[in-house]
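Structural overview for review
Here are the chains, one letter per residue:
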Amino acid sequence: AVVSTQSTGDTEEFEHGSEIPLPGVTKGDFSRRRVAPQINVHSVQFCPTGQSWCAATTEGLLIFSLDNTLTFDPIDLDTDVTPQNMRAAINAESYLKGLAIALRLNTTEMVVEVLEQVPQDQIHYVVGSLPLHHVTSLLKFLVELLTTSRHLHFYILWVSTILTTHGPALKKNSSQIMSTLNGIISALTAQTRTLGSLCDSNQYFMDVILTLGRTQSSKSETSAEMEVF
């Protein structure tokens, strides 16, 4: 049936659903009825971590998450935010611009590509010029990189510079980024344990090698002396 979708301007009429008058009736429609909008769900998928899930519906893609620090900033999205422009900025040594584009693209691969091309003496400048909402986004990526990357000292330098430069501002919003800060502490603690046991193992291994070397040297000297006599 053909129905009128023209709004009457009364917000109370749409408080509990959409009011649909009969077609052709402009005044005194006693057959008006209210119906709730129908939403069809085509697919539901859950995150393996159990922190979020999404539903593909007739209203679009709906994402629900337990992450209270998750933000979406569509104002920063435009046609210039592309991997090609990100790499062009890096080649022009505009590391701040390249990092900002990578954070807007919101992929680990792009962020890593930019971070690992920033010279060490430029880290302080790049971090100091980043807006605070980009700083919090970067910290989330650094939590993952501290756990998975082999460039541990490099990424610890990034974390240290961020906390030193933006410490007061982050402290004001500590309740919102507490999960990220806890992730950094957990990652550094795990790396400390791993490297500590590895260093201890290497130290004992080196002691064994040096002891064997001294023993072999003593045997060689004894054999030489016996040949002389």
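A brief look at the structure comes next. (Residues numbered from 1 in each chain as written. Predicted model: local features only at pLDDT ≥ 70, side-chain atom pairs only at ≥ 80, totals over all residues. Heavy atoms only, no water.)

Within the chain one finds eight helices and five strands. For the chain, the sequential pattern of α-helices and β-strands runs β-β-β-β-β-α-α-α-α-α-α-α-α. Among the 229 residues that make up the chain, the fraction classed as buried is 24%. In the chain, the share of contacts with a sequence separation of at least 24, taken over all contacts with a separation of at least 6, comes to 49%. For the chain, the accessible surface area stands at approximately 16100 Å², while carbon and sulfur atoms represent 57% of it. (Helix = DSSP H or I, 4+ residues; strand = E, 2+ residues; numbered from the N terminus. Buried < 20%, exposed > 50% of the residue type's maximum accessible area, 1.4 Å probe, protein only. Contact = heavy atoms within 4.5 Å. Areas by Shrake-Rupley, 256 points an atom, 1.4 Å probe, with all protein chains shown as cover.)

All right, on to the packing of helix α1 (residues 83–91) against helix α2 (residues 95–105) then. For the pair α1 and α2, the least separation of the axes is 7 Å and the interaxial angle reads 155°. One element, α1, and the other, α2, form an angle in the roughly antiparallel class. At the point where α1 passes α2, the crossing takes the left-handed sense. Contacts from Pro83, Asn85, Met86, Ala89 and Ile90 in α1 reach Tyr95, Lys97, Gly98, Ile101, Ala102 and Leu105 in α2. Grouping the constituent residues of the contact of α1 with α2 by class yields eight nonpolar, two polar and one charged. (Axes fitted to C-alpha atoms, helices over the stretch in contact; angles between N-to-C directions. Parallel < 35°, antiparallel > 145°, perpendicular 65-115°, else oblique. Left-handed = near helix turned anticlockwise from the far one by under 90°. Nonpolar A, V, L, I, M, F, W, Y, C, P; charged D, E, K, R; others polar.)

On to the sheet that holds strand β3 (residues 41–46). One open sheet holds the three strands; their spatial order is β3-β4-β5, and the pairing between them is antiparallel. On the outer flanks of this sheet lie β3 and β5 (60–65), each paired with one strand and no other. Put simply, the sheet's adjacent strands are angled 15° from each other on average, direction ignored. Relative to strand β4 (residues 52–57), β3 runs antiparallel, the two being bridged by five bridges. Residue pairing across strands places Gln45 opposite Cys54, the latter belonging to β4. (Pairing = 2+ DSSP bridges.)

We now examine the packing of helix α3 (residues 108–115) against helix α5 (residues 132–148). When two helices pack together, their arrangement is captured by the angle between the axes and the distance separating the axes. Closest axis-to-axis distance for the α3/α5 pair is 11 Å, and the angle between their directions is 90°. The orientation of α3 relative to α5 falls into the category roughly perpendicular. Residues Thr108, Val111, Val112 and Leu115 of α3 touch α5, and the partners they reach there are Leu138, Phe141, Leu142, Glu144 and Leu145. Residue composition of the contact of α3 with α5, by class: seven nonpolar, one polar and one charged.

It is worth spelling out the packing of aromatic side chains at this point. Summed over all chains, the structure comprises four aromatic pairs. With centroids separated by 4.6 Å and ring planes inclined at 15°, the aromatic side chains of Trp53 and Phe64 adopt a geometry described as stacked. On the criterion of sequence distance, the pair formed by Trp53 in strand β4 and Phe64 in strand β5 is long-range, its members being 11 residues apart. With relative accessibility at 34%, the residue Trp53 sits in the partly exposed group. Cluster of aromatic residues (ring-pair linked, three or more members): Phe46, Trp53 and Phe64. (Phe/Tyr/Trp six-rings, centres within 6.5 Å; stacked < 30°, edge-to-face > 60°.)

This part takes up the nonpolar core. Counting 36 residues, the largest nonpolar core has Leu99, Leu115, Leu138, Leu142, Tyr155, Trp158 and Ile162 as the members making the most contacts within it. Elements supplying a minimum of two residues to this core: α1, α2, α3, α4 (123–129), α5, α6 (152–165) and α8 (178–228). With eight residues, the top contributor of residues to this core is α5. Sequence-distant contacts of Trp158, that is, excluding residues within four places in its chain, are made with Leu99, Leu115, Val118, Ile123, Val126, Val127, Leu138 and Leu142. (Core = buried A, V, L, I, M, F, W, Y, C linked by side-chain atoms within 4.5 Å.)

Turning our eyes to something else, we now look at the pairing of β5. As paired elements, β4 and β5 share six bridges and run antiparallel to each other. In the strand pairing of β5, Ser52 is matched with Ser65. Linking two consecutive strands that pair antiparallel, namely β4 and β5, is a turn of two residues.

Before going further, it helps to examine the pattern of salt bridges. All told, the structure shown has one salt bridge when counted by the stated rule. The closest approach of N and O atoms between Arg87 and Glu113, which form a salt bridge, is 2.8 Å. Highlighted residues: Arg87 in helix α1 and Glu113 in helix α3, separated in sequence by 26 residues. Residue Arg87 is classed as partly exposed on the basis of its relative accessible area, which comes to 35%. The partly exposed category is assigned to Glu113, whose relative accessible area is 23%. (Salt bridge = Lys/Arg side-chain N within 4 Å of Asp/Glu carboxyl O.)

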